[in-house]
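Chain and residue survey
One letter stands for each residue in the lines below.
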Amino acid sequence: MKLLHWIAMSCASITLLTACGGGSSGSTSTASTVSVTSVTTDQLVYRKVTNMTVVGKNLDLGINISNPGCLKITEVAGGTSTQRVFACKMVAVGTFAVSITAGDSASLYSGSLTIPLAAQPQVTMKTTLGDIVIELNPAKAPISVDNFLNYVENGFYVNKIFHRVVNSTSYSIAQGGGFTSDLQQPTPPFAAIKLESNNGLSNVRGTIGMARTSAVDSATSQFYFNVASNTGFDYTSTSNPGYAVFGKIVTGLDIMDKFKTVATNSSDVPTTAIFINSVVQTQ
């Protein structure tokens, strides 16, 4: 796990979201008389929950926090009119804006947040065809990467199969992560996620993407390898949302290429089961 830092400018080593963060901390909404004097955090670690403590005046009248680095923000019980605590899991990397507004949308605070990542997370997937090392891209697809790593950590992928292999003139994929060898589909332990196809990553050969149903925000555990370049899967518009790429194979393209010769039945299921024996985060 990598250490994250809030931009504090001249505040340097302290973890504060104040005027040092480049915003209007302490400004007051004349309509609601709500003000924010400081925002502090207890820890900033990639994919860990941080508590953000907001101090100010009349906070019980309602404030809204926008933090694109968080998967979601929830309030911790016990808040008062002068102090409220919010928890969020940090999943994004890079620099983005953080803001707090009053219930009437008046600005109370704005600042910047930088989450560095020394090295992209990687997982090693052991299959009956061989080992594949996948580098994930949380900067471009934070929700998809976090979701995939949740399944990895849960052990969900163990003894699942690649249940769909297609090698046609239209596209070439190997899809897995959802079915057992008897073609049973266990209920995924995590909720479906928001589609991140409009992230600048293309479905070129050797990439991994999230499989989904016809519903846009329906991806859970299933993923697919682009055995060939399938740029027709890319996002083009809201009417053609495409499929979200969230990483690429860095070792084992030769293993992926073996899917080109896999025999399948009329439903695109391999006639000899191809197992995922394990998936472990190795970087």
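To keep things clear, this report deals only with the structure shown in the data block. The written sequence of each chain sets the order in which its residues are numbered from 1. It should be noted that, the model being predicted, local features are given only for residues of pLDDT at least 70 and side-chain atom pairs only at 80 or more, the latter also being counted only at that level, while totals for whole chains, interfaces and linings use all residues. Only heavy atoms go into the side-chain values, all of them from the structure, while hydrogens and water stay out.

Here we take up unusual backbone geometry. The backbone phi angle of Arg47 is positive, close to 70°, even though this residue is not glycine. Secondary structure is summarised from DSSP: a helix means a run of H or I of at least four residues, a strand means a run of E of at least two, and numbering begins at the N terminus for each. Inspection of the secondary structure assignment puts Arg47 in the loop between β3 (35-41) and β4 (49-57). One non-glycine residue, Asn58, lies in positive phi territory at about 55°. Its place among the elements puts Asn58 in the loop between β4 and β5 (63-66).

Further remarks concern the state of the cysteines. Any cysteine sulfur atom paired with another within 2.5 Å is treated as part of a disulfide. In the structure shown here, the tally under the stated rule is one disulfide. Note that Cys70 is cross-linked by a disulfide to Cys88, the S-S spacing being 2.0 Å. Highlighted residues: Cys70 in strand β6 (residues 70-76) and Cys88 in strand β7 (residues 83-90), separated in sequence by 18 residues. As far as burial versus exposure is concerned, Cys70 and Cys88 are alike and both buried. Residue burial is assigned from relative accessible area. The probe radius is 1.4 Å, only protein chains are included, and a residue is buried under 20% of its type maximum, exposed over 50%, and partly exposed in between.

Next up on the list: the packing of aromatic side chains. Between rings of Phe, Tyr and Trp, where Trp is taken as its six-membered ring, a pair exists when centres lie within 6.5 Å; planes separated by under 30 degrees are stacked, by over 60 edge-to-face, and by other angles tilted. Evaluation of the coordinates by the stated rule reveals 16 aromatic pairs. Ring geometry for Tyr151 versus Phe156: centroids 5.2 Å apart, planes at 65°, classification edge-to-face. We note that Tyr151, like Phe156, is buried. Ring geometry for Tyr171 versus Phe233: centroids 5.4 Å apart, planes at 55°, classification tilted. In this pair, Tyr171 sits in the loop between β12 (160-167) and β13 (172-179) while Phe233 sits in the loop between β15 (223-226) and β16 (245-251), placing the two residues 62 residues apart along the sequence. On the basis of relative accessibility, which here comes to 23%, the residue Tyr171 falls in the partly exposed class. Taken together, the ring pairs in this structure connect Phe148, Tyr151, Phe156, Tyr157, Phe162, Phe190, Phe223, Phe225, Phe246 and Phe259 into an aromatic cluster. A positively charged side chain is recorded as over a ring if its NZ (Lys) or CZ (Arg) lies within 6 Å of the ring centre. The angle to the ring normal must also be within 35 degrees. One cation-aromatic arrangement involves Lys160 over Phe156; the distance from NZ or CZ to the ring centre is 4.3 Å. For the cation-ring pair, Arg212 lies above Tyr243, with the distance from its terminal atom to the ring centre recorded as 4.3 Å.

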